[in-house]
Amino acid sequence: MAEGSWFDGFQGAKTGPAGGPFLATKDPTAVERANLLNMAKLSIKGLIESALSFGRTLDSDYPPLQQFFVVMEHCLKHGLKVRKSFLSYNKTIWGPLELVEKLYPEAEEIGASVRDLPGLKTPLGRARAWLRLALMQKKMADYLRCLIIQRDLLSEFYEYHALMMEEEGAVIVGLLVGLNVIDANLCVKGEDLDSQVGVIDFSMYLKNEEDIGNKERNVQIAAILDQKNYVEELNRQLNSTVSSLHSRVDSLEKSNTKLIEELAIAKNNIIKLQEENHQLRSENKLILMKTQQHLEVTKVDVETELQTYKHSRQGLDEMYNEARRQLRDESQLRQDVENELAVQVSMKHEIELAMKLLEKDIHEKQDTLIGLRQQLEEVKAINIEMYQKLQGSEDGLKEKNEIIARLEEKTNKITAAMRQLEQRLQQAEKVQMEAEAEDKKHLQECQSKSDNLQKQISQKEKQLVQLETDLKIEKEWRQTLQEDLQKEKDALSHLRNETQQIISLKKEFLNIQDENQQLKKIYHEQEQALQELGNKLSESKLKIEDIKEANKALQGLVWLKDKEATHCKLCEKEFSLSKRKHHCRNCGEIFCNACSDNELPLPSSPKPVRVCDSCHALLIQRCSSNLP
């Protein structure tokens, strides 16, 4: 039978019409869960009510607290899976409770402290210690709520029908929130938690008629004891008031002497502060004069240095702008020269290609006379291209244009005579040789020009390097000037701080003057308070004498018991249900309502109290005799 089956008869069993029991149709596991939930409700409710009436922190010996831990242990054991080991079967609640550390990081302290306890040897003992520590921390509901949410992890330890896997577990966790009202101080080290037997005591939750009768008797006894304690409290209050008044008188005399001493010390301090005030004023004047002179000198120096810095900066800016202009001009010249070189190189390649094409055409004309006309057209096209390409050249290009014109004329005459063509071809070869020589000369001139340009570029680069070094020197000079300016600024800030300190000293001096005036006011007020205290002390002494007389009168009186009095002391009528008994708060005798319907304030109680007619008359006479 699973744990919690001892609750089966608590809710699952029912009676038939003839009084005999019949079997319940509900699931036994559901009945067990309901019984455990009801017991948890009763134990938590009883624990909270008894703890609030108890009005103190609970110890481990408190019976409702012990029963609560037993009920919680049964709730956590319900539906636990049995884990097999080599020696025995293991079925404890320490496994799921140990899982709380992973889900709730704040629970690591409890787990570590439980493991460090020396007297615990079994997992059940550790689980009981964990429950006690969680209650003291007022976080038992939070820890168990984390467990209930993670049902996938709980399924490793509990069956599917267990209380912690169903809704009843969530209800119990909600009830545990109410235990945060309770303060518990439990000593876990000294207890033997391993060998305790968890048995629920149902007698704590069952009520009988005898208990109700005992409660009524206890109420009556409590009322009698209250009447008895009333007289004792009166005497204690009178004695305490007398002693407190004596102590007050002594304390007032001591405070008076202390105040007089403090006033003398305060006067001496005021004189010293006045002397220090005069010294500080003179020192402040000297410091102000020095600071003003120093500030004027520093201002003049700063202005002169700023002017020199501005002039030097203008000259440097002009030098820098001129250097930048020179760099731009030189870079433009270099780009122009490079472009001219590229154009000349391209023209040279084109001329070489044209000469090669002319040679090919001449060889073809010698070999094939039939295709002279077609070749002449190609020569014309080539000559036109050459003419377009050689327009921008100098004197050599003009001579080439003349040669090309002659070649065109010769080609037109070839149709008439082939002999003249050979002569002209020879002349063309000579012209080609001259053109090649001219091209070579032109290339040499271009190379010499490029070498000169490279030399100029190298010279200008050297000039750039010199300018850069000059700029670096000027930058370093500027940095030194800036550092000097920062130092002067720091000096100015230091002087400003000194001036601010002087202003703060002035404020402190004014505050000291205000405190001096306040101390004078306090001195006058304390003198007035001492005069008032002297008047009050004289009045309190008179009251003490009156209280002593009243106390002496009360010491001889005795509070008469209700059983002893059967007749009223004044009218001597017998007491009954209609004619009730009433005590006189002054003499302690018992009277009827008609003879004790007066109320007067007594020395023992400032509020008006019931008094008999004779005491009322005596007290009125005393009051009239005390009046002037």
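Residues numbered from 1 in each chain as written. Predicted model: local features only at pLDDT ≥ 70, side-chain atom pairs only at ≥ 80, totals over all residues. Heavy atoms only, no water.

## Side note on the overall build of the protein
- Looking only at helices and strands, the protein has 15 helices and 8 strands in total.
- Looking at the protein residue by residue over its 628 residues, the buried ones come to 28%.
- Within the protein, contacts between residues separated by at least 24 positions form 65% of all contacts whose residues are at least 6 apart in sequence.
- Accessible surface for the protein amounts to roughly 44,200 Å². Of this, 53% is attributable to carbon and sulfur atoms. (Helix = DSSP H or I, 4+ residues; strand = E, 2+ residues; numbered from the N terminus. Buried < 20%, exposed > 50% of the residue type's maximum accessible area, 1.4 Å probe, protein only. Contact = heavy atoms within 4.5 Å. Areas by Shrake-Rupley, 256 points an atom, 1.4 Å probe, with all protein chains shown as cover.)

## Section: the packing of helix H2 (residues 28–54) against helix H3 (residues 63–77)
- Direction vectors running N to C along H2 and H3 enclose 155 degrees, while the axes themselves pass 9 Å from each other. The angle between the axes of H2 and H3 places the two elements in the roughly antiparallel class. Note on packing geometry: the crossing formed by H2 with H3 is left-handed. Facing H2, whose interface residues are Leu-36, Met-39, Ala-40, Ser-43, Ile-44, Leu-47 and Ser-50, H3 presents Pro-64, Leu-65, Phe-68, Val-71, His-74 and Cys-75.
- Split into classes, the residues belonging to the contact of H2 with H3 amount to 10 nonpolar, 3 polar and no charged. (Axes fitted to C-alpha atoms, helices over the stretch in contact; angles between N-to-C directions. Parallel < 35°, antiparallel > 145°, perpendicular 65-115°, else oblique. Left-handed = near helix turned anticlockwise from the far one by under 90°. Nonpolar A, V, L, I, M, F, W, Y, C, P; charged D, E, K, R; others polar.)

## Considerations on the pairing of strand S7 (residues 598–601)
- Side-chain alternation along S7 places Asn-598 and Leu-600 on a buried face and Glu-599 and Pro-601 on a face that remains uncovered.
- Here S7 pairs with strand S8 (residues 608–611) via 4 bridges, running antiparallel. For Pro-601, the partnering residue across the bridge sits in S8 and is Pro-608. (Pairing = 2+ DSSP bridges.)

## Digging into the packing of aromatic side chains
- Applying the stated criterion to the full structure yields 3 aromatic pairs.
- Note on Tyr-104 and Tyr-143: the rings are 5.2 Å apart at their centroids and 70 degrees apart in plane angle, and the pair reads as edge-to-face. Taken together, the residues Tyr-104 in the loop between helix H5 (100–103) and helix H6 (108–116) and Tyr-143 in helix H8 (residues 140–149) connect sequence positions 39 residues apart. Like Tyr-143, Tyr-104 is buried.
- Ring pairing ties together the aromatic residues Tyr-104, Trp-130 and Tyr-143, which thus form one cluster.
- Against the face of Phe-69 rests Arg-132, its NZ or CZ located 4.3 Å from the ring centre. (Phe/Tyr/Trp six-rings, centres within 6.5 Å; stacked < 30°, edge-to-face > 60°. Lys NZ or Arg CZ within 6 Å of the ring centre and 35° of its normal.)

## Some words on the pattern of salt bridges
- The tally for this structure, following the rule as stated, stands at 10 salt bridges.
- A salt bridge links Glu-461 to Arg-334, with the nearest nitrogen and oxygen atoms 4.0 Å apart. Within this pair, whereas Glu-461 is found in helix H14 (residues 418–555), its partner Arg-334 is found in helix H11 (residues 209–367), the two being separated by 127 residues in sequence.
- Sharing partners across several salt bridges, the network here consists of Glu-73, Lys-77 and Arg-128. (Salt bridge = Lys/Arg side-chain N within 4 Å of Asp/Glu carboxyl O.)

## Things to note about the nonpolar core
- Ranked by internal contacts, the top residues of the largest apolar core, which has 60 residues, are Leu-65, Phe-68, Trp-130, Met-140, Leu-144, Tyr-158 and Leu-176.
- At the level of secondary structure, the elements contributing two or more residues to this core comprise H2, H3, helix H4 (94–98), H6, helix H7 (123–137), H8 and helix H10 (167–176).
- In terms of residues, this core owes the most to one element, H3, which gives 8 residues.
- Excluding residues within four positions of it along the chain, Leu-176 makes contact with Ile-44, Phe-68, Met-72, Met-140, Ala-141 and Leu-144.
- Ranked by size, the runner-up nonpolar core spans 15 residues in total, among them Cys-568, Phe-575, Cys-584 and Cys-595. (Core = buried A, V, L, I, M, F, W, Y, C linked by side-chain atoms within 4.5 Å.)

## Observations concerning a negative patch on the surface
- Judged by side-chain charge, Asp-301, Glu-305, Glu-483 and Asp-484 come together as a negatively charged surface patch.
- Counting through the fold element by element, Glu-305 comes out in helix H11. (Patch = residues over 30% accessible without salt bridge, like charges linked within 9 Å, V, L, I, M, F, W, Y side chains within 5 Å. Lys, Arg positive; Asp, Glu negative; His and termini not counted. Charge placed at Lys NZ, Arg CZ, Asp CG, Glu CD.)

## Considering the confidence of the model for the protein
- Scored by pLDDT, the protein has a mean of 77; 80% of the residues are at 70 or more.
- When pLDDT is averaged over each helix and strand of the protein, the minimum, 40, is found for strand S2 (residues 21–22) and the maximum, 91, for H10.
- Low confidence marks residues 1–24, where pLDDT is under 50. Its contacts with residues over four positions away, or in another chain, come to 36 contacts. (pLDDT = per-residue confidence, 0-100.)

## Comments concerning the environment of Ser-312
- Assignment of secondary structure puts Ser-312 in helix H11.
- Judged by relative accessible area, which is 18%, Ser-312 ranks as buried.
- Expressed as a C-alpha distance, the spacing of Ser-312 and Glu-474, which sit 162 residues apart in the sequence, is 9.6 Å.

## Focus on unusual backbone geometry
- Although it is not a glycine, Lys-138 sits at a positive phi angle of roughly 60 degrees.
- In this fold, Lys-138 is placed in the loop between H7 and H8.
- On the basis of relative accessibility, which here comes to 31%, the residue Lys-138 falls in the partly exposed class.
- A positive phi is found at Glu-572, a non-glycine position, where the angle reads about 55 degrees.

## Observations regarding the state of the cysteines
- According to the stated counting rule, one finds 0 disulfides in the structure shown.
- Free of any disulfide, Cys-568 has its nearest cysteine sulfur in Cys-571, 3.5 Å distant.
- The class for Cys-571 is partly exposed, based on a relative accessible area of 30%. (Disulfide = S-S within 2.5 Å.)

## Remarks on the side chain of Arg-128
- Mapped onto the elements of the fold, Arg-128 is located in helix H7.
- Exposure remark for Arg-128: the relative accessible area of 4% places this residue in the buried category.
- A distance of 2.9 Å separates the side chain of Arg-128 from the side chain of Glu-73, its partner in a polar contact.
- When neighbours within four sequence positions are excluded, Arg-128 is seen to be in contact with Glu-73, Leu-193, Asp-194, Ser-195, Gln-196 and Gly-198. (Polar contact = N/O pair within 3.5 Å; in protein donor to acceptor, adjacent residues only side chain to side chain.)

## Considerations on H10
- Along H10, the residues classified as buried are Glu-168, Gly-169, Ile-172, Val-173 and Leu-176. Projection of H10 onto a plane perpendicular to its axis shows the buried side chains occupying an angular sector of 145 degrees, all on one side.
- Residues of H10 that are buried in the fold lie against H2, H3 and H8. (Arc of directions from axis to C-beta.)

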